[in-house]
Amino acid sequence: MTTEDRLREALAATAALVHLEDQPQTVPARTPRRIAPLAVAAAVLVILAGVVFGLRGEGDPAPAVSPGVAAPARYFMAKIGGGNTTTVSVRDIQTGRVTATVTPPSHSLWTEVSATADPHVFYATSAPDFGTRNVETSLYRLTIDATGRLRTRTKAGALTRNLPLAFAAAPDGTRVAFSSVTKGLGPATIEVLTVSSGRRTVYRTSTTGFVSELSWSADGRYLAFQLLTQLGTGYNVRILDTRAGHDLIRDSRPVLTGGRSYVSTYVAPVLSADGRHVYLLAAATTKGHRSIRVLELDARTGRQLRVMYEQPHTGKGGNPIWEFLHLARDPTGTMLLVVDPSGRAHRIDIASRHVETMPFPGGVPNAFTW
Amino acid sequence: MVVHLVGMDRNESGVADPPDAGLFAARDVGNVFAEHRLSLLRLAVLLVGDRATAEDVVQDAFAGLHRRRAELRDPDSAVAYARTAVVNGCRMVLRRRSLMRRVGISPEPPIWSAESAALLQEDRREVIEALQRLPRRRREVLILRFYLDLSDAEIAQIMGIGQASVRSTAARALQSLGVLLGEGA
């Protein structure tokens, strides 16, 4: 036997000592066990959907911000850069003009930004290094004045020492939701931190995975999230009722579920202010032409309701989904914002689908919030 | 390599979203995670020696993959990214361990010399232990070539070196391994 043969055999034998500990218990057991609960859950959801969404306004508290009542915020924030430098800029939603640049704390980078319903209050997270665990990610409260200039940058506490993946401030600004990955493979979790008290509420599921996107309804009760599990079902979009319980699956309901969805190439789900719709970016191919769309889905059924905006895919090859990286909704729930790689931002009026385009100088943002 | 390319069905409003074999869906990050986690975990174990550290490295690699999904163009690039991240993560671990040893802290015993050793035949353990005595770069090339069966081009991409360097490093590494195993040059 040659050295190569011996090596190949030894490597294979050593590697074979390693198995996925959670897979035998999780994967085979899930299918049969889920049938009955799913049937029950489906029946319950039919009832709950009517109560929570169909009859909303009769039993539930009114949203903190009523769609269409207030004007969209004048300024939004965008984070540009990565690696060793990140910049958060304040921009005018009408012109795209940068009105302020917010530098990160010393020896730190901005990692996420999120707006609140108050057009002058934003939250940002900062860490000494991007994408590293075991370093503290801190929470900062940023306020701007009526002309879009930075007024204050105040540390609001420690967020986590895990690696944060998604972040969204509740519209009333009292809480922030975030997901993170912990040491080793663990269950998917969402933590909601009450900023003033430091109290943490954890929503988790036993399934190993990540929560990759978060988006609040205007009343701060419902939280849309995108769940990536190890089970090969891709990204699932679900809506969590934060008042119902602490189980990420049991206390949430699906909008889009992996391969069963007709919208199978999608990113950046955003919950509407009233919680009735989900907006997302989806790739599409029609008669050989590839495009990227902003879709409106019924949050109760996952059914596509409207194409809010469509832009042809101009890149060679690749995935048109990456034409737009992110989608944001203004706090009043009347407008959406997307930015394309050519340096243009598009404001979409949700009611009329009218689109206005403005310049977005300074590079393509990797996060923005309105 | 099996990658699920998920097509689009016709939606209820009649808008056709046919399958497109060129698409790498965001959800395929999940598929990459599901399909390649074990092989990447095993790769990391071979490089760092213990499972707990290997799991951390793989977890970090997938977190990085998720965060950088915007830069990915297709499933192959996602897998290549994940492998590169695992190899780089393992390098960082080994560098840290080197520093720890200098201050007298010993890492976890490797899988082939600890409780699982009994499961490995003596001959195989001898090969693995000899492999661990090779310089880091030579060890990586051999593991990538003889465990993952990667091409020179793929190994070059993961390690950030030229293909010629891959070939010469592999040749020298095999020669050194043979010497350590008493097989002569």
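Quick notes on the rules
- The residue numbering used here restarts from 1 in each chain and proceeds along that chain's sequence as written.
- Here the convention is simple: chains get letters from A, ligands get numbers from 1, in the order in which they are written.
- In view of the model being predicted, local features appear only for residues whose pLDDT reaches at least 70, and side-chain atom pairs are presented and counted only at 80 or more, with totals across whole chains, interfaces and linings using the full set of residues.
- Side-chain figures throughout are based on the complete set of non-hydrogen atoms in the structure, without hydrogens or water.
- Helical segments are the DSSP runs of H or I of at least four residues, strand segments are the runs of E of at least two, and each set is numbered from the N terminus.
- Whether a residue is buried, partly exposed or exposed follows from its accessible area with a 1.4 Å probe, protein chains only, as a fraction of its type maximum: under 20%, in between, or over 50%, in that order.
- Two residues qualify as a contact provided that any one of their heavy atoms is within 4.5 Å of a heavy atom in the partner residue.
- Reported accessibility uses the Shrake-Rupley method at a 1.4 Å probe radius. Residues are deemed covered only where the shown protein chains occlude them.
- For the purposes of this section, nonpolar cores are sets of buried Ala, Val, Leu, Ile, Met, Phe, Trp, Tyr and Cys residues that join through side-chain atoms within 4.5 Å.
- In this analysis, the protein atoms alone were mapped onto a 1 Å grid. Cavities are point sets where a 1.4 Å probe fits without being able to get out; pockets are open sets with protein on both sides within 12 Å along at least five of seven lines; lining residues have an atom within 4 Å of a point.
- Grid points are joined across faces, edges and corners, and a volume is the space filled by probe spheres set on the points.
- Note on residue categories: nonpolar means Ala, Val, Leu, Ile, Met, Phe, Trp, Tyr, Cys or Pro, charged means Asp, Glu, Lys or Arg, and polar means any other residue, Gly included.

Engineer: Teacher, can you tell me more about the overall build of chain B here?
Structural biologist: When its secondary structure is counted, chain B shows seven helices and zero strands. In sequence order, the secondary structure elements of chain B are arranged as α-α-α-α-α-α-α. By the burial criterion, 52% of the 185 residues in chain B qualify as buried. Considering only contacts within chain B whose residues lie at least 6 apart along the sequence, 61% involve residues at least 24 apart. Summing over all exposed atoms, chain B offers an accessible surface of approximately 8,200 Å²; the carbon and sulfur share of this is 49%.

Engineer: Sorry, what's going on with the nonpolar core here?
Structural biologist: With 64 residues, the main nonpolar core has A:Leu7, A:Leu11, B:Leu43, B:Val86, B:Leu142 and B:Leu144 as its most contacted residues. For this core, the leading source of residues is helix H1 (residues 28-48) of chain B, giving 10 residues. Among the nonpolar cores identified, the runner-up in size contains 16 residues, and A:Ala177, A:Trp216, A:Leu227 and A:Leu240 belong to it.

Engineer: Quick question: what am I supposed to make of empty space enclosed by the protein here?
Structural biologist: Unoccupied space between atoms shows up once a probe the size of one water molecule is rolled over them. Scanning the model with the defined rule gives two cavities of 30 Å³ or more in all. By volume, the second largest cavity is sized at about 40 Å³. In terms of lining, the second largest cavity is formed by A:Ser180, A:Val181, A:Thr182, A:Gly186, A:Pro187, A:Gly209, A:Phe210 and B:Gln59. Every element with two or more residues in the lining of the second largest cavity is listed here: strand S9 (175-181) and strand S11 (200-216) of chain A. Tallied by class, the residues present in the lining of the second largest cavity amount to three nonpolar, five polar and no charged.

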